[in-house]
Amino acid sequence: MEENRERALQWFEDRGVDLNCTQCGGENFRQGGVVALFAAAPEDFAQTHHLAAYPVICTNCGHFILFHAGTMGLEPESSDDRP
């Protein structure tokens, strides 16, 4: 997970991503690991889709932002985490 954090920080820096919280103005964030998001069409819950996301969470108010992990070049940390 530490490798993904370092890669994410470099990715944010390279692209000039401003991580100040849009809700409270907080400047301190914690990063989660890569997570899988699942979506299903209401008419067919058996047909699900997923994507890998990288959460960044404001430590002051809890607001979080999701970034597309694949675009960032990040991978799930273990086979159990793979979407």
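Residues numbered from 1 in each chain as written. Predicted model: local features only at pLDDT ≥ 70, side-chain atom pairs only at ≥ 80, totals over all residues. Heavy atoms only, no water.

Peer 1: How should the pattern of salt bridges be read in this particular structure?
Peer 2: Where charged atoms of side chains with opposite charge meet at close range, the side chains can pair. Here the structure, examined in full by the defined rule, presents two salt bridges. Taking the shortest distance from any N to any O, the salt bridge between Glu-2 and Arg-5 comes out at 3.8 Å. Of this pair, Glu-2 and Arg-5 are both found in helix 1 (residues 2–15), three residues apart, which corresponds to roughly one turn of the helix. Look at Glu-2 and you get partly exposed, because its relative accessible area is 46%. (Salt bridge = Lys/Arg side-chain N within 4 Å of Asp/Glu carboxyl O. Helix = DSSP H or I, 4+ residues; strand = E, 2+ residues; numbered from the N terminus. Buried < 20%, exposed > 50% of the residue type's maximum accessible area, 1.4 Å probe, protein only.)

Peer 1: Looking at this structure, how should I read the packing of aromatic side chains?
Peer 2: Any two aromatic rings considered together are summarised by their centre-to-centre distance and by the angle between their planes. Taken as a whole and judged by the stated rule, the model has three aromatic pairs. Between the aromatic rings of Trp-11 and Phe-67, the centroid separation amounts to 6.1 Å while the plane-to-plane angle is 75°, which identifies the pairing as edge-to-face. Placement of the pair is Trp-11 in helix 1 and Phe-67 in strand 4 (residues 64–68), with a sequence separation of 56 residues. According to the relative accessible area criterion, Trp-11 is buried, its value standing at 14%. Residues Phe-12 and Phe-67 carry aromatic rings whose centres are separated by 4.9 Å and whose planes lie at 55° to one another, so their mutual orientation is tilted. Of this pair, Phe-12 sits in helix 1 while Phe-67 is found in strand 4, placing the two residues 55 residues apart along the sequence. Accessibility assignment for this pair places Phe-12 and Phe-67 in one class, buried. (Phe/Tyr/Trp six-rings, centres within 6.5 Å; stacked < 30°, edge-to-face > 60°.)

Peer 1: Explain the confidence of the model for the chain to me, please; I cannot follow it from the model alone.
Peer 2: The predicted coordinates of low-pLDDT regions are not to be read in fine detail. Residues at a pLDDT of 70 or more form 86% of the chain, whose mean pLDDT is 85. Predicted confidence in the chain is weakest over strand 2 (residues 35–41), with a mean pLDDT of 81, and strongest over strand 4, with 94. (pLDDT = per-residue confidence, 0-100.)

Peer 1: Before we go on, may I ask you to explain helix 1 in this structure?
Peer 2: Residues separated by three or four positions in an α-helix point in the same direction, a consequence of the helix having 3.6 residues per turn. Taking 1.5 Å per residue, 14 residues should reach 20 Å; helix 1 reaches 20 Å between its end C-alpha atoms and fits that length. Here helix 1 has its buried residues at Asn-4, Ala-8, Trp-11 and Phe-12. Along the axis of helix 1, the buried residues cluster in a sector spanning 95°; they form a single face. Exposed residues pointing more than 90 degrees away from the buried face of helix 1 are listed as Glu-3, Glu-6, Glu-13 and Asp-14. The positive-phi residue at the C-terminal boundary of helix 1 is Gly-16, with phi of around 65°. (Expected span 1.5 Å × (residues − 1). Arc of directions from axis to C-beta.)

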